[in-house]
Each structure stands twice: as C-alpha cells, then as structure tokens.
Amino acid sequence: MAILVTGGLGYIGSHTVVELLNNNFDVVIVDDLSNSERFILKNIEEITGKKPAFYPFDLKRKELLTQVFDAHEITGCINFAASKAVGESQLKPVDYYENNLFSLINILQEFKERQISNFIFSSSCTVYGQADQMPIDENTPLKMPESVYGKTKQMGEEILTDFAKAYHRKISLLRYFNPIGAHPSAKLGELPIGIPNNLVPYVMQTAAGVREKLSVWGDDYPTEDGTAVRDYIYVVDLAKAHVAALQKLINDPSEETLVDIYNLGTGKGSSVLEVVKAFEIANNVEVPYQICKRREGDITIAYAHVDKAEKELSWKAGTPLEEALRTVWEWQKYLESRNT
Ligand code: NAD
Ligand code: WQD
C-alpha cells in the first residue's frame, strides 16, 4: 500500500516525503523535474535510509500515470505538483490552467476508476484574498484571487469537492500560509531558480551577496511598522501536518465529513521588516534593503486561525521564526558548497 506524492522532489513535497518515510509509509513519487532537481531524491534517501519509487514524467501524460497505478497499490495521494509563480501565471494563463488542472483531473480519473479515497490537495491562503478579519479561519468567505495561479487553487478545491461528494471519497484541502525554511540536515530546501519572487529566498540571496539589496515592497501599509504582514510557517512543521491529515483520512473512514479543510499556519503574523531583522539576528549577517513602492496585487495582512488543525489533527506549528531562518542560511551554505 503506497501513497502517491506528486511533485515529491519539490520544496514542500520533498520535506513531506521524508516525514512519510519516517512514519513508515511507502511512497511513490511522480515529478517531471520542471522545478526540482534529481539530487533531492538522493538526499531524501540519505536522510531517511529509504528509497522511494520515483517516476520522472509529466502528470499530463495520462497513459504513464495509469502505468504507475497499475504497478503500485496506491491508497492515497498528496498532490503537490503544480506551477506556482504568481507573476508568470498572469503571463501564461493557459499553461497554468493546463498544468495545474489537467494533472489534477488525470489523477482523479484514476482514483475514480479504482475506488481510491484519501486525496490531499496543496491549496493556499491565496484563496481568501484580503480577508476582512484576522485571524483567518476556514469559514472565511473566499474572494476571487487576483492571479491565475490563485484561481487554479480555487478551481482545484471546487473540482475536488465535487469529486468527493459524487463518488463518496475523502479528501483534505490544506491551505498553506507562507512556507519557509529548509530541512535541519541542510539537504533539502527551496531551490532558487531565477530571481526569487518570495521574500525569504530573496533575503537569503541578499545576505549571501548574490543580490545587492532586498526591495521591501511598501512601508505605507496600515500595520505596526508599515510593511505587510504574513504568517510564515516552517516547512518541516508543514510537512508533518500532511502526515497528520493523511492519518486522519485513513483512520477515520466514516463518511460524515468527506471534505476536510485546514489552514496551515502558525497563527502569528510577522511584517517584512520583522523577517529581515529576525534573519539578521538568527544568522549574524546583514541584509541590505531599500524601501520601494507596493508590489501590485499584494495584500496588507494575512495570518491563520489555527485551532481547527490543532484540534482535529493534533498538530501545531511550533518552530520559532528565527530557528526556521537559521535553516535557510545553512541551506544557502550547502548550495554554495555544491557549486564549488
Ligand atoms: P515546487 O515547485 O518546489 O514543487 C512542485 C513540484 O512539482 C516540482 O518539483 C515540479 O517539478 C513538480 N511538477 C510541477 N508540474 C508537474 C507536472 N505536470 N508533472 C509532474 N511534476 C510536476 O513548489 P512547492 O513550493 O513545493 O509547492 C508545492 C505545492 O504547494 C504547489 O501546489 C503550490 O502551489 C502549493 N503552495 C505552495 C506555497 C509556497 O509558498 N511554496 C504556498 C501555498 C501553496
Ligand atoms: C511576502 C511579503 C511582499 C519579496 C505568495 C503567493 C501566494 C502564496 C505564498 C502560493 C509580501 C514582501 C517579497 C521581496 C518584499 N503562494 N516582499 N520583497 O506575497 O504572501 O504570497 O506566496 O500559494 O499565493 O502570492 O509571499 O514571499 O512573495 O511575499 O518586500 O523581494 O514580502 O510584498 O508583503 P506572498 P511573498
């Protein structure tokens, strides 16, 4: 009995594969390496001492996916595979809808035909847009996302909800806030491909001298220091939440709730400047920055109400921001050592 992890060599997927293997799940990875690298597989094996099955192909190739389902007794799926660059999604909407939704539908066809349940979907706090109240709980009304990327997440949630209800299957929609950090071994982390869009990878590269200065996008927000606030969750904590969500799906076969929805965050908001300061203190390095005007499409503030996940999954994101940021710096040093 195996769990299919799509996008399992990516940032969050690779950390989750480690947690699944450590919890004695058999894992089958499908990843086309469009945003990841093969050495991550080797590193997963080094960390866990286990060898997950790995298939390097694009999930849009339905015939190859069918072969994976024929070869393994798949009993659940965590679907990380997706394109995730918000700016790029605006320029390539058709590619984003195709990659993020066709892949999902191909997996669901296999699930439907083979009577498989237990599907976990990587959703995002982006489905809430700028919520009217903080913290954001799971009943907060969704707003039309600004980006095509965000729309693929909302559509994915709708497709899965229809799937669960029509075929009586259990699914979990996990809405991540802002994942950060790297594995404590420094062998897994977020791969910086091109110029980073997200805050923490940009901070990491600025501290390392790869980028000259961080641009802080706006200091005129109605927040304490004027910079925007987010809920930064350590990636290993996030990975552990997937194991908890999977165990809940598997161990509670009642059909009372077919669709579980959980916010995965820390419940605490941090401003951009707080993150910069915390990074400097955690790693004893300087992060030069300049204040720039707001980035288009950015919201002011988002942090999660986390009681539901705590209560129903017995899970809590406990790693302090500074500790998470220390792992980022170790990961940067590891990447540098690979390049020399
Ligand atoms: P990532 O890009 O590091 O990982 C995604 C992996 O999927 C990559 O390894 C990529 O090669 C693979 N992939 C993409 N399309 C594929 C396809 N068609 N077939 C096979 N493999 C494919 O991204 P991540 O940060 O680990 O994010 C994982 C999931 O979580 C995504 O669905 C993302 O939208 C979601 N999410 C991420 C964040 C974040 O800030 N990182 C926040 C909320 C939600
Ligand atoms: C965080 C804060 C920026 C870079 C994005 C996606 C969202 C979700 C999480 C997947 C913001 C500021 C950033 C920089 C800065 N992903 N910033 N200088 O915007 O919360 O959300 O990632 O689902 O869909 O939109 O994350 O890391 O890009 O930005 O000042 O160089 O840092 O303005 O306030 P964000 P982020």
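Model, not experiment: these values are computed from the prediction.

**Considering the site of ligand 2**
Moving on, step 1. Surveying the vicinity of ligand 2 reveals 19 residues, the closest of which are Ser124, Tyr149, Ser215, Arg230 and Asp298.
Moving on, step 2. At 2.9 Å from an oxygen atom of ligand 2 is found a main-chain nitrogen or oxygen belonging to Trp217.
Moving on, step 3. Where the shell around ligand 2 is concerned, the elements lending two or more residues are α7 (199-207) and β8 (214-217).
Moving on, step 4. Looking at the shell around ligand 2, the element that brings in the most residues is β8, giving four residues.
Moving on, step 5. When the residues that make up the shell around ligand 2 are grouped by side-chain class, the tally is 10 nonpolar, six polar and three charged.
Moving on, step 6. Viewed by domain, the shell around ligand 2 spans two of them, domain 1 (2-179 + 233-264) and domain 2 (199-229 + 267-338), each represented by three or more residues.

**Quick look at helix α6 (residues 148-167)**
Moving on, step 1. In a regular helix each residue adds 1.5 Å, so 20 residues correspond to 28 Å; α6 covers 28 Å between its end C-alpha atoms and thus fits that length.
Moving on, step 2. Residues of α6 that are buried: Val148, Tyr149, Gly150, Thr152, Lys153, Gln154, Gly156, Glu157, Leu160, Thr161, Phe163 and Ala164.
Moving on, step 3. Where α6 is buried, its residues meet α4 (86-91), α5 (93-114), β5 (119-124), β6 (171-176) and β11 (259-264).
Moving on, step 4. At the C-terminal side of α6, His168 shows a positive phi close to 55°.

**Considering the site of ligand 1**
Moving on, step 1. The full set close to ligand 1 counts 29 residues, and Asp31, Asn35, Lys84, Asn99 and Tyr149 are the nearest of them.
Moving on, step 2. Take Ser36: an N or O atom from its side chain is 2.8 Å from an oxygen atom of ligand 1.
Moving on, step 3. A distance of 3.0 Å separates a nitrogen atom of ligand 1 from a polar backbone atom of Leu59.
Moving on, step 4. For ligand 1, the protein covers 95% of the area, taking 810 Å² as the surface of the free molecule.
Moving on, step 5. Going through the elements one at a time, α1 (11-22), α5, β5 and α6 are the ones with two or more residues in the shell around ligand 1.
Moving on, step 6. Ranked by residue count, the leading element in the shell around ligand 1 is β5, at three residues.
Moving on, step 7. Each residue belonging to the shell around ligand 1 can be placed in one class, and the counts come to 13 nonpolar, 10 polar and six charged.

**Points about α5**
Moving on, step 1. With 22 residues, α5 extends 32 Å from end C-alpha to end C-alpha; this agrees with the ideal 32 Å at 1.5 Å per step.
Moving on, step 2. Among the structural elements, β1 (2-6), α3 (62-71), β4 (74-79), α4, β5 and α6 are those in contact with the buried residues of α5.
Moving on, step 3. Gln115 sits one or two positions beyond α5 and adopts a positive phi of about 60°.

**Some thoughts on the nonpolar core**
Moving on, step 1. If you look at the biggest cluster of nonpolar residues, it comprises 69 residues, and the most contacted ones within it are Leu264, Phe279, Trp315, Leu325 and Trp331.
Moving on, step 2. If one sorts the elements of this core by residue count, helix α8 (residues 235-251) sits on top with nine residues.
Moving on, step 3. Counting only domains with at least three residues in this core, you end up with domain 1 (2-179 + 233-264) and domain 2 (199-229 + 267-338).
Moving on, step 4. Aside from chain neighbours lying at most four places away, what touches Leu325 is Ile180, Val200, Val275, Ala278, Phe279 and Asn283.
Moving on, step 5. The next biggest cluster of nonpolar side chains, apart from the first, holds 28 residues, and it includes Leu108, Phe163, Ala164 and Val259.

**Overview of the domain arrangement of the protein chain**
In many reports, interface size means the accessible area that the parts give up when they come together.
Moving on, step 1. Domains assigned within the protein chain are domain 1 (2-179 + 233-264) and domain 2 (199-229 + 267-338).
Moving on, step 2. The centre of domain 1, based on its C-alpha atoms, is set 24 Å off from the matching centre of domain 2.
Moving on, step 3. Summing both sides of the interface, domain 1 and domain 2 together bury roughly 2100 Å²; the carbon and sulfur share of this comes to 66%.
Moving on, step 4. Taken together, domain 1 and domain 2 are joined by zero salt bridges.
Moving on, step 5. For the pair domain 1 and domain 2, the interface holds 10 residue pairs in polar contact (both at pLDDT 80 or more).
Moving on, step 6. Counting residues per element, the side of domain 1 that touches domain 2 draws most heavily on α8, at six residues.
Moving on, step 7. Residues belonging to the side of domain 1 that touches domain 2 are distributed by class as follows: 14 nonpolar, four polar and seven charged.

Quick notes on the rules
Residues numbered from 1 in each chain as written. Chains lettered and ligands numbered in written order. Predicted model: local features only at pLDDT ≥ 70, side-chain atom pairs only at ≥ 80, totals over all residues. Heavy atoms only, no water. Near = heavy atom within 4 Å. Polar contact = N/O pair within 3.5 Å; in protein donor to acceptor, adjacent residues only side chain to side chain. Helix = DSSP H or I, 4+ residues; strand = E, 2+ residues; numbered from the N terminus. Nonpolar A, V, L, I, M, F, W, Y, C, P; charged D, E, K, R; others polar. Domains from an automatic or database assignment. Expected span 1.5 Å × (residues − 1). Buried < 20%, exposed > 50% of the residue type's maximum accessible area, 1.4 Å probe, protein only. Contact = heavy atoms within 4.5 Å. Areas by Shrake-Rupley, 256 points an atom, 1.4 Å probe, with all protein chains shown as cover. Core = buried A, V, L, I, M, F, W, Y, C linked by side-chain atoms within 4.5 Å. Buried area = accessible area lost by both parts, 1.4 Å probe. Salt bridge = Lys/Arg side-chain N within 4 Å of Asp/Glu carboxyl O.

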